[in-house]
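Report on the structure
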Amino acid sequence: MNISVYTEATPNPATMKFIVNKLLINGSVDYATRESAENSPFAKELYKFSFVNGVFFASNFVTVTKTEGSDWDDVQPILKEFVKGAVESELKVQTVEQAVDVDFEGTETEIKIQQILNDYVRPAVEQDGGAITYRSFDAGVVTVELRGSCSGCPSSTVTLKSGIENLLKRMVPEVTEVVSEAL
């Protein structure tokens, strides 16, 4: 298979999405720090670049967060070539596969919230190089975790409040607010 890689800007100026024509992982995994990448040969190699400050994988892409002071014009071609070579040589994203859990648990309202997040929000967030995880629902407040390019993104608050919160309030009347859990 001839591997092709193309890049896509994300709403977060510090992250870039590197998309390949091959499935890299079922689900998603975030290696927000160099230390967290121990079980990922692919992420460990990316972290060898001094300008890499975060690595996130989902389906057919890897989102890379660059260090402050690095310029995408300088590092993008290097990363693009590296990603192509890593995929061609079948460098593993994970040495141990994590099970993809789509079983929703909780009350009827919690299950409905999780289903909406999975069906409507997750695909849109993944398009921007990120991921969203449901954490809890308590007294009308839905708590989620944003990862990948969404973590620390200047527009994530707008996405959270204008997009996700409005959608959930419309579809689940018990929801009064959506907040993001800080990592």
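Predicted model, so just to flag it, every value in this text is computed and none were measured.

**Notes on the packing of aromatic side chains**
Within the structure shown, the criterion is met by 6 aromatic pairs. Judged by centre distance (6.2 Å) and plane angle (75°), the ring pair of Tyr31 and Phe57 falls under edge-to-face. Of this pair, Tyr31 sits in strand 3 (residues 28-31) while Phe57 sits in strand 4 (residues 52-58); the two residues are 26 residues apart in sequence, bridging distant segments of the chain. In this pair, the class of Tyr31 matches that of Phe57, namely buried. Geometrically, the ring pair formed by Phe56 and Phe61 is tilted, given 6.4 Å between the ring centres and 45° between the ring planes. Taken individually, Phe56 and Phe61 each receive the classification buried, so the pair is uniform in this respect. The structure contains a cluster of three or more aromatic residues connected by ring pairs, namely Tyr31, Phe42, Phe49, Phe51, Phe57 and Phe82. Against the face of Phe61 rests Lys17, its NZ or CZ located 4.5 Å from the ring centre.

**Quick word on the sheet that holds strand 6 (residues 130-138)**
Read from one edge to the other, the open sheet built from 3 strands follows the order 6-7-8, with strand pairing classed as mixed. Lying at the two open borders of the sheet, with one neighbouring strand each, are strand 6 and strand 8 (177-180). When strand polarity is set aside, the average angle formed by the axes of neighbouring strands in this sheet is 30°. The strands touched by helix 3 (residues 108-127) within the sheet are strand 6 and strand 7 (141-148), with strand 6 carrying the most contacts at an inclination of about 160°.

**Observations concerning the sheet that holds strand 1 (residues 5-9)**
The strand order across the open sheet formed by 5 strands is 1-2-5-4-3, and the pairing between neighbours is antiparallel. A strand with exactly one partner marks an edge of an open sheet, and here the two such strands are strand 1 and strand 3. Here the average twist between neighbouring strands, direction ignored, is 20°. Note that strand 1 and strand 2 (residues 15-20) share 5 bridges and pair antiparallel. Bridging across to strand 2, Ala9 finds its partner in Met16.

**Re the nonpolar core**
Core analysis: the largest hydrophobic core is formed by 28 residues, its most contacted members being Phe18, Phe42, Leu46, Val55, Phe57, Leu79 and Val83. Per-element tally for this core: the top contributor is helix 2 (residues 72-88), with 7 residues. Of all hydrophobic cores here, the second largest spans 18 residues; its members include Leu117, Val125, Val142 and Leu168.

**Section: the environment of Phe42**
Structurally, Phe42 can be placed in helix 1 (residues 41-46). Classification of Phe42 by relative accessible area gives buried; the value is 0%. As for Phe42 and Val55, which are separated by 13 residues in sequence, their C-alpha atoms are 9.5 Å apart. The residues contacting Phe42, other than those within four sequence positions of it, are Phe57, Phe82, Val83, Ala86, Val87, Leu91, Lys92 and Val93.

**Regarding helix 3**
The end-to-end C-alpha separation of helix 3 is 28 Å, in line with the 28 Å expected for 20 residues at 1.5 Å each. Approximately 45° is the largest bend angle found in helix 3, and it occurs at Val121, with the proline Pro123 only one to four residues beyond. Buried residues of helix 3: Thr109, Glu110, Ile113, Gln114, Ile116, Leu117, Val121, Val125 and Glu126, and no others. Where helix 3 ends, the next residue or the one after it, Gly129, has phi of about 85°, a positive value.

Cut-offs used in this document
- All residue numbers here refer to positions counted from 1 along the written sequence of the relevant chain.
- In view of the model being predicted, local features appear only for residues whose pLDDT reaches at least 70, and side-chain atom pairs are presented and counted only at 80 or more, with totals across whole chains, interfaces and linings using the full set of residues.
- Each side-chain value is derived from all of the structure's non-hydrogen atoms; neither hydrogens nor water enter the calculation.
- Ring geometry is summarised as follows: Phe, Tyr and Trp rings, the Trp one being its six-membered ring, pair when their centres sit within 6.5 Å, and such pairs are stacked at plane angles under 30 degrees, edge-to-face over 60 and tilted between the two.
- Think of it this way: any DSSP run of H or I at least four residues long counts as a helix, any run of E at least two long counts as a strand, and we number them from the N terminus.
- For each residue, the accessible area found with a 1.4 Å probe, counting protein chains only, is set against the maximum for its type, and the residue is called buried under 20%, exposed over 50%, and partly exposed in between.
- We call a charge positioned above a ring when the Lys NZ or Arg CZ atom is no farther than 6 Å from the ring centre and deviates by at most 35 degrees from the ring normal.
- Strands qualify as paired when DSSP identifies two bridges or more between them.
- Think of each axis as a best-fit line through the C-alpha atoms, taken over the contacting stretch in the case of a helix, with angles from 0 to 180 degrees between the N-to-C directions.
- Residues count as neighbours in contact if any of their non-hydrogen atoms are within 4.5 Å of one another.
- In plain words, nonpolar cores are sets of buried Ala, Val, Leu, Ile, Met, Phe, Trp, Tyr and Cys residues tied together by side-chain atoms within 4.5 Å.
- In a helix, the anticipated span is given by 1.5 Å times the number of residues less one.
- Here the bend at a residue means the angle between the axes of two seven-residue stretches, the one that ends at it and the one that starts at it.

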